[in-house]
Amino acid sequence: MRWSQNFIPTLREDPADAEVISHKLLLRAGLIRQLGSGIYSYLPMAQRIALKIMQILREEMNRIGGQEFYLPALHPAEIWKESGRWDAIGADMFRLKDRKDADMCLGMTHEEIFTAIARHELRSYKQLPQVWYQIQVKFRDEPRPKSGLMRLRTFIMKDAYSFDVDAAGLDRSFEDQREAYKRIFGRCGIQFAIVEASSGAMGGSASNEFVARTDAGEDLIATCSACGYAANLEKATSRLGLIKDLVGPDAPEEFPTPGVRTIEDLIKFPGGAKAENQIKTLVYMVTVQRMKMELGSRDDHILETPAIVLLRGDDHLQETKLLDALVRMGSFAIGVRPARAEEIRALFGANAGSLGAVKINRSNELIQKIRREIAEFPNTSDYILDTVDLIVVADQTLRGRRNMTTGANKDDHHLRGVDVERDIHIDRWADLRGVNAGESCPRCESGTLDVYKAMEIGHIFKLGTKYSESMGATVLTPDGKPTPIVMGSYGIGVERIITAAIEQNHDENGIIWPKSISPFDCIVTVTNMKDAALRETGDKAYKDLQRAGLDVLLDDRDERAGVKFKDADLIGIPYRITIGKKVADGVVELFDRKTKTSEEVKLSEIVSRVQSLALAGL
RNA sequence: CGGGGCGUAGCACAGCCUGGUAGUGCGCUCGGUUUGGGACCGAGAGGUCGGAGGUUCGAAUCCUCUCGCCCCGACCA
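As a convention, each chain's residues are numbered from 1 in the sequence order in which they are written. Chains carry letters from A onward and ligands carry numbers from 1 onward, assigned in written order. Side-chain atom pairs in this predicted model are given and counted only at pLDDT of 80 or more, local residue features only at pLDDT of at least 70, and totals for whole chains, interfaces and linings cover all residues. Water and hydrogen atoms play no part in the side-chain values, which are based on all heavy atoms of the structure.

A word on the overall build of chain A
Here is step 1: Scanning chain A from terminus to terminus reveals 17 helices and 31 strands.
Here is step 2: In terms of overall dimensions, chain A has a C-alpha envelope of 95 × 65 × 50 Å along the principal axes.
Here is step 3: Across chain A, the fraction of contacts at a sequence separation of at least 24, relative to all contacts at a separation of at least 6, is 70%.
Here is step 4: Note that accessible areas follow from Shrake-Rupley with a 1.4 Å probe, and for residues the cover is restricted to the protein chains shown. In the form shown here, chain A has an accessible surface area of approximately 28000 Å², with 50% of it arising from carbon and sulfur atoms. By the criteria applied, helices consist of DSSP H or I runs no shorter than four residues and strands consist of E runs no shorter than two, each listed in order from the N terminus. Any pair of residues with heavy atoms lying within 4.5 Å of one another is described as a contacting pair.

This is the structure:
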């Protein structure tokens, strides 16, 4: 490619809207331009990069037996209604109507569509396993698109789906994908980690998240340097020392605590308690989706129901863990939010600073009172009357604790001497607390946890039979019985790879592309186009390198050398061949973008030299 | 959804408070000098001041509405 005839609109200054480094460099290097919030046009250089990444994705998917499809991005609503996700997903899905006023949507993922093919065409266990994938655009109406290509509303994803006859088969397919992902990110030059992650409210028995460490990331990862344990904070646990409580009274004692509103207040209050001896009582509203699945009829309800969450005073709630715990209870929970002050008031008759879970009894008149009071709320769903159920979920660090202090459900009063298991009816014990950096590793004896920021670049799920059951995708087993296909789902965001590659490979001068995904293998920079000898030498080097099978960019613009060097650094091509004064001696300069070192190479040897460098791994 | 900020030339910004002929730098065009790390001199082109309505003799500037974008938080199966 000749730069003079190509569109590489580099910018000298940082665009005002860009905050993170990859966003700035994507714009400055002439890779992308914004069309709308979370919507970007990919210019020719970016397209070259994307194509290289997609080629790696294809090679590695094909290597594990994957077959490439191309499915529609436009979906009729019916298929999403079948799986229940039309209602479950909400505002994240782009929805539209066709001319006949039928509901449609733009696909945000393709479990339903692939499953629809599987259920029609896969009949026998003999046809399994199957590994199907595509590289295709996805649409998600993100609440907050941000950071250039990091969080988009339309983006390219490689999504793969595995279909197995049983869990053991899924385990093998999952492992294949895991290995493929390791090769893919490795080949793309990304430093990544595999972490335990929440499977989310949509179910699935296991999932691994692939993350790239970068301060621009939105995920927090806890990791142990001693044993390699790594987990998303949504899932991470730690090993805590046991606390020996003193023997308390036979029953809780109420005492006045005027003005005490927070854990901190109660620590300082005379006769109060240390944070680790307090019970923190939080009230959450849980969004529940109820699906009655009867033959020939479906009845979906979305409703909200309150839950009480108990933690140690010095811990904080990890909301995803709460949601996961509620899902494990079989509650069909799809979301949680903190209760509003007026909701808390109505439920407890006390304000947030004075709450406690002692003697919450579902069958007494308190529930009647709650029901009456909730019914008076404006904007409260009618459904709530049928489902008021003050579920109490407690963090397992509270197990066996006694002589604790907590709110008395009366403003300005607390209870001391509370024995958690004796005095509180707890519906569910769960791991709910968020871990903190510096706590002990849950896996090994010696390590402590470090917490760093990272961005999600891939996610693999064991879906199980969620979609095959709801959509009726079954095969016959050897003994002739229908069994739901056991599925897995595996995604990689192409733009996320681009973003992570830049975040991890740049310096003050610009991008430093990993060789494998660089838009060009090398750039030939002619320092002065007015010098015929340099011009001709550059042209010959360009053609020779091309003939050797390399992707070459020839900077033949009528610009000063300094401008060309700056631009070459900015767009991040791994090797620069500078055609300058020493051409008279048959010598050119070979500059390594990453190490910033240069060597003089004889013109006659430049092709073989660049070839060996460009092909030598990362 | 809550909070904050910003829309003026291709890009980055000033002008707005205190209404009176729309500016600066970079980029772009032309001429000249330069030519290895974002050159210099000279001459130019380029703007419905996001949109609509209002106040006023007069609005980029004041008021109302609206659209869009960015950031923080919430949220993100």
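Some words on the pairing of strand β7 (residues 130-139)
Here is step 1: Burial classes: relative accessible area under 20% of the type maximum marks a residue as buried, over 50% as exposed, and values in between as partly exposed (1.4 Å probe, protein chains only). Burial within β7 is extensive, with 9 of its 10 residues counted as buried.
Here is step 2: Following DSSP output, two strands are said to pair if at least two bridges run between them. Pairing geometry for strand β3 (residues 67-69) and β7, over 3 bridges, is parallel. Its bridge partner lying in β7, Q67 is registered against W132.

Examining the sheet that holds strand β4 (residues 74-76)
Here is step 1: Strand order in the open sheet formed by 3 strands is β4-β6-β5, and the pairing between neighbours is antiparallel. Pairing within the sheet leaves two strands with one partner each, and these edge strands are β4 and β5 (95-97). The average undirected angle you get between the axes of adjacent strands in this sheet is 35 degrees.
Here is step 2: In the sheet, β4 pairs with strand β6 (residues 103-106) via 3 bridges, with the strands oriented antiparallel. Among the inter-strand pairings, P76 is bridged to a residue of β6, identified as M104. Here the axes come from fitting lines to C-alpha atoms, over the contacting stretch only for helices, and the angles between their N-to-C directions go from 0 to 180 degrees.

Some points on the side chain of R312
Here is step 1: Along the polypeptide, R312 turns up in strand β15 (residues 297-312).
Here is step 2: Assessed through its relative accessible area of 11%, R312 is described here as buried.
Here is step 3: Residues contacting R312, with those up to four places away along its chain left out, are I243, A275, E276, Q278, K280, T397, L398 and R401.

Description of the packing of aromatic side chains
Here is step 1: Aromatic contacts are taken between Phe, Tyr and Trp rings whose centres are within 6.5 Å, Trp giving its six-membered ring; a plane angle under 30 degrees counts as stacked, one over 60 as edge-to-face, and the others as tilted. As enumerated under the stated definition, the model contains 11 aromatic pairs in all.
Here is step 2: With a centroid separation of 5.9 Å and 85 degrees between ring planes, the pair formed by Y181 and F185 is classed as edge-to-face. Of the two residues, Y181 and F185 are both situated in helix α6 (residues 167-187); the distance of 4 residues between them amounts to about one turn of the helix.
Here is step 3: We classify F185 as buried; its relative accessible area is 0%.
Here is step 4: Aromatic ring contacts, followed pair by pair, group F69, F114, W132, Y161 and F163 into a single cluster.
Here is step 5: The rule for a charge over a ring is simple: NZ of Lys or CZ of Arg within 6 Å of the ring centre, and within 35 degrees of the ring normal. In this structure, R576 packs its charged tip against the face of F591, placed 4.5 Å from the ring centre.

Focus on the sheet that holds strand β13 (residues 253-256)
Here is step 1: Spatial ordering of the open sheet is given by β13-β19-β18, a layout of 3 strands whose pairing is antiparallel. The sheet is open, and its two edges are formed by β13 and β18 (404-407), each paired on a single side. Looking at each pair of strands side by side, their axes are set apart by 30 degrees on average, direction ignored.
Here is step 2: As paired elements, β13 and strand β19 (residues 413-418) share 4 bridges and run antiparallel to each other. Pairing of E253 across the sheet is with R416, part of β19.

Quick word on empty space enclosed by the protein
Here is step 1: Buriedness of a pocket was judged along seven lines, with at least five required to meet protein on both sides within 12 Å; pockets are open sets of points on a 1 Å grid over the protein atoms alone, cavities are sets where a 1.4 Å probe fits but cannot get out, and lining residues have an atom within 4 Å of a point. Grid points are joined across faces, edges and corners, and a volume is the space filled by probe spheres set on the points. Following the criterion strictly, the structure yields 1 cavity of 30 Å³ or more and no others.
Here is step 2: Considered as a void within the structure, the largest cavity measures approximately 50 Å³ in volume.
Here is step 3: I32, Y42, A46, A50, L149, I156, V494, E495 and I498 together form the lining of the largest cavity.
Here is step 4: Counting only elements with at least two residues in the lining of the largest cavity, the list comes to α2 (44-63) and α14 (494-504).

Topic: α2
Here is step 1: Here the expected span of a helix is defined as 1.5 Å times the quantity of residues minus one. The end-to-end C-alpha distance of α2, which contains 20 residues, comes to 28 Å, matching closely the 28 Å that a straight helix rising 1.5 Å per residue would cover.
Here is step 2: Of all the positions in α2, only M45, A46, I49, A50, K52, I53, M54, I56, L57, E60 and M61 are classed as buried.
Here is step 3: Where α2 ends, the next residue or the one after it, G65, has phi of about 90 degrees, a positive value.

Quick look at the nonpolar core
Here is step 1: For our purposes a nonpolar core is just a set of buried Ala, Val, Leu, Ile, Met, Phe, Trp, Tyr and Cys residues, chained together by side-chain atoms within 4.5 Å. With 63 residues, the main nonpolar core has L31, Y181, I184, F185, I190 and W513 as its most contacted residues.
Here is step 2: The leading source of residues in this core is α2, at 9 residues.
Here is step 3: Taken domain by domain, this core gets at least three of its residues from each of domain 1 (50-236 + 451-502) and domain 3 (520-614).
Here is step 4: With near-sequence residues (within four places) excluded, Y181 lies in contact with M61, K158, F210, G458, H459, I460, Y490, G491 and I492. An automatic or database domain assignment is the source of the domain bounds shown.

A few points about the packing of α2 against α14
Here is step 1: Two elements in contact, α2 and α14, have axes whose closest approach is 10 Å; the angle formed by their N-to-C orientations is 115 degrees. Put simply, α2 runs roughly perpendicular to α14. Taken as a pair, α2 and α14 cross one another with a handedness that is right-handed. Along its contact with α2, which presents I49, A50, I53, M54 and L57, the element α14 presents V494, I497 and I498.
Here is step 2: When residues are sorted by character, Ala, Val, Leu, Ile, Met, Phe, Trp, Tyr, Cys and Pro go into the nonpolar class, Asp, Glu, Lys and Arg into the charged class, and all the rest, Gly among them, into the polar class. Residue composition of the contact of α2 with α14, grouped by class: 8 nonpolar, no polar and no charged. Oblique is the label for every angle not falling under 35 degrees (roughly parallel), over 145 degrees (roughly antiparallel), or within 65 to 115 degrees (roughly perpendicular). Take the far helix as the reference: if the near one is turned anticlockwise from it by less than a right angle, the crossing is left-handed, and if turned clockwise, right-handed.

Remarks on the pairing of β19
Here is step 1: Two strands pair when backbone bridges link them, and β18 and β19 are joined in this way by 3 bridges, in the antiparallel orientation. Across the sheet, residue T406 finds its bridge partner in β19, namely L415.
Here is step 2: Between β18 and β19, which pair antiparallel in sequence order, lie 5 residues; one of them, N409, sits at a positive phi of approximately 55 degrees.

A word on unusual backbone geometry
Here is step 1: The amide bond that connects L128 to the next residue, P129, takes the cis arrangement and shows omega of 0 degrees.
Here is step 2: Position of P129 among the secondary structure elements: in the loop between α5 (111-121) and β7.
Here is step 3: We note that D101 has phi near 70 degrees; this positive angle belongs to a residue other than glycine.
Here is step 4: With respect to the helices and strands, the residue D101 is situated in the loop between β5 and β6.

Considering the pattern of salt bridges
Here is step 1: Take a side-chain nitrogen of Lys or Arg and a carboxyl oxygen of Asp or Glu: if they are within 4 Å of each other, that pair is a salt bridge. Going through the model one piece at a time under the given rule, you end up with 48 salt bridges.
Here is step 2: Between R2 and D539 there is a salt bridge; the shortest N-O distance is 2.7 Å. Residue R2 is located in the segment before α1 (21-28), and its partner D539 is located in helix α15 (residues 532-547); the two are separated by 537 residues in the primary sequence.
Here is step 3: Among the salt bridges present, the one from R609 reaches E599, with a minimum N-O distance of 2.9 Å. With R609 in helix α17 (residues 606-614) and E599 in strand β31 (residues 597-602), this pair connects stretches of sequence that are 10 residues apart.
Here is step 4: With relative accessibility at 29%, the residue E599 sits in the partly exposed group.
Here is step 5: Connected via shared salt-bridge partners are D507, E508, D569, R576, E589, R593 and K596.

Everything listed here is a matter of geometry and, on its own, says nothing about what the molecule does.
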